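Results of the structural survey
Single-letter residue listing:
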Amino acid sequence: MSTDSRALRTVSIPAADVADRSDLIRALETSLGSHFSSDPIVPTPNPLIVVISGPSGVGKDAVINRLTELRRNLHFVVTCTSRAMRPGETEGKDYYFVTKEQFLRMVDQDELLEHALVYGEYKGIPKKQVRDLMGKGYDVVLRVDIQGAETLRRVLGQKAVFMFLTAESEAKMVERLVDRRTERKEELLVRIATAREEVKRVSSFDYVVVNREGELEKAVQTVEAIIDAEKAKVRQRNAVL
Ligand SMILES: Nc1ncnc2c1ncn2[C@@H]1O[C@H](COP(=O)(O)OP(=O)(O)OP(=O)(O)O)[C@@H](O)[C@H]1O
């Protein structure tokens, strides 16, 4: 006789096909020697850091805006930048706009998770915001260029999930950038030349998501599916900053 079967109490269990449901459950509990717990079988998944990167104009902002509308538990970490505000941008929503001096002070005081000089302007992610949001149990999404993603990979390793967003072709990416009408011709040249190099760096990411023309919703669904799969992982990423 096995230890388990010896531990079973000798109570009469009513026939499963005819018994009253709660009588049956109570008899099973008595027989097994303990109440059936309503506690979760697995712990709540850890808050996740999602890094979304990709060349200029692939639709990072568009994807993240839609994603945070759909997922209430996911919060966007607002980057600090020394660049000027573009028409339609909002302080504290798109970026925190600071002076170069303010930015360099933040660097000195080690307040940034990563920072870089991009197209002549500083950009960086405030650590405090990430910590505060994760402390409240929220997942966070960080938006960085490829250079920033590589720095974050060095800082965070496997503690975050890294997604490379791309358009379906170089031509589509350029069209999106041109249609946006926010860059001067010199900036367009630099961004497109940089993008050509950046697409070669996809292998250092965990996932690649194609944001096809007119199919933003599909790209967002793919990102959501990745997040859901990450949340269901047995061995969770454990980001402690
Ligand atoms: N799937 C899509 N189909 C068509 N247009 C799109 C799609 N996704 C984004 N766009 C448009 O492409 C343009 C560039 O997108 P967005 O500004 O989100 O790119 P980005 O990757 O954030 O660029 P940057 O890094 O330069 O800020 C925007 O005008 C946006 O509305």
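Residues numbered from 1 in each chain as written. Predicted model: local features only at pLDDT ≥ 70, side-chain atom pairs only at ≥ 80, totals over all residues. Heavy atoms only, no water.

**Observations concerning a nonpolar patch on the surface**
On the surface, a cluster of nonpolar side chains totalling about 460 Å² of accessible area is made up of Val-11, Ile-13, Ile-25, Leu-28, Leu-32 and Phe-36. With respect to the secondary-structure elements, Ile-25 resides in helix α2 (residues 21-32). (Patch = residues over 30% accessible without salt bridge, like charges linked within 9 Å, V, L, I, M, F, W, Y side chains within 5 Å. Areas by Shrake-Rupley, 256 points an atom, 1.4 Å probe, with all protein chains shown as cover. Salt bridge = Lys/Arg side-chain N within 4 Å of Asp/Glu carboxyl O. Helix = DSSP H or I, 4+ residues; strand = E, 2+ residues; numbered from the N terminus.)

**Points about the sheet that holds strand β6 (residues 121-126)**
Backbone hydrogen bonds are what pair the strands of a sheet, in a parallel or an antiparallel way. Sheet architecture is open: 4 strands sit in the order β4-β3-β6-β5, paired in mixed fashion. Here the strands that pair on one side only, and so sit at the sheet edges, are β4 (95-97) and β5 (112-118). Pairwise comparison of adjacent strand axes, ignoring direction, gives a mean angle of 25° for this sheet. Here 3 bridges tie strand β3 (residues 79-81) to β4, and the two strands are oriented parallel to one another. Directly across from Thr-79, in β4, lies its bridge partner Tyr-95. The sheet contacts of helix α5 (residues 127-135) involve β4, β5 and β6, and relative to β6 the element is tilted by about 25°. (Pairing = 2+ DSSP bridges. Axes fitted to C-alpha atoms, helices over the stretch in contact; angles between N-to-C directions. Contact = heavy atoms within 4.5 Å.)

**Regarding the UniProt feature "domain: Guanylate kinase-like" (unreviewed entry) in the chain**
According to UniProt, the feature "domain: Guanylate kinase-like" (unreviewed entry) maps to residues 47-228 in the numbering used here. For residues 47-228, the helix share is 43%, the strand share is 23%, and the end-to-end C-alpha distance is 12 Å. (UniProt positions renumbered as here; feature names shortened; annotations may be inferred.)

**As for the site of the ligand**
The environment of the ligand is formed by 18 residues, the closest being Ser-56, Lys-60, Arg-143, Arg-180 and Asn-211. One of the side-chain N or O atoms of Asn-211 is found 2.8 Å from a nitrogen atom in the ligand. Here a nitrogen atom of the ligand and a backbone polar atom of Arg-212 are 2.9 Å apart. Put simply, the parts of the chain that give the shell around the ligand at least two residues each are α3 (60-70) and α7 (170-180). It is α3 that contributes the most residues to the shell around the ligand, 3 residues altogether. Grouping the constituent residues of the shell around the ligand by class yields 4 nonpolar, 5 polar and 9 charged. (Near = heavy atom within 4 Å. Polar contact = N/O pair within 3.5 Å; in protein donor to acceptor, adjacent residues only side chain to side chain. Nonpolar A, V, L, I, M, F, W, Y, C, P; charged D, E, K, R; others polar.)

**Some words on the nonpolar core**
In this structure, Val-50, Val-223 and Ile-227 are the most contacted members of the largest nonpolar core, which totals 23 residues. Mapped onto this core, the elements with two or more residues apiece are β1 (49-53), α3, β2 (74-76), β8 (161-166) and α9 (216-231). The greatest single-element share of this core, amounting to 5 residues, is contributed by α9. Those residues in contact with Ile-227, other than ones at most four positions away along the chain, are Leu-48, Val-50, Leu-67, Arg-71, Leu-74 and Met-163. (Core = buried A, V, L, I, M, F, W, Y, C linked by side-chain atoms within 4.5 Å. Buried < 20%, exposed > 50% of the residue type's maximum accessible area, 1.4 Å probe, protein only.)

**Points about the packing of α3 against α9**
The N-to-C vectors of α3 and α9 enclose an angle of 60°; their axes lie 10 Å apart at closest approach. On the basis of the axis angle, α3 is oblique to α9. The handedness of the crossing between α3 and α9 comes out as right-handed. Where α3 approaches α9, its residues Ala-62, Val-63, Arg-66, Leu-67 and Leu-70 are matched on the opposing element by Leu-216, Glu-217, Ala-219, Val-220, Val-223, Glu-224 and Ile-227. Across the contact of α3 with α9, the residue classes break down as 9 nonpolar, no polar and 3 charged. (Parallel < 35°, antiparallel > 145°, perpendicular 65-115°, else oblique. Left-handed = near helix turned anticlockwise from the far one by under 90°.)

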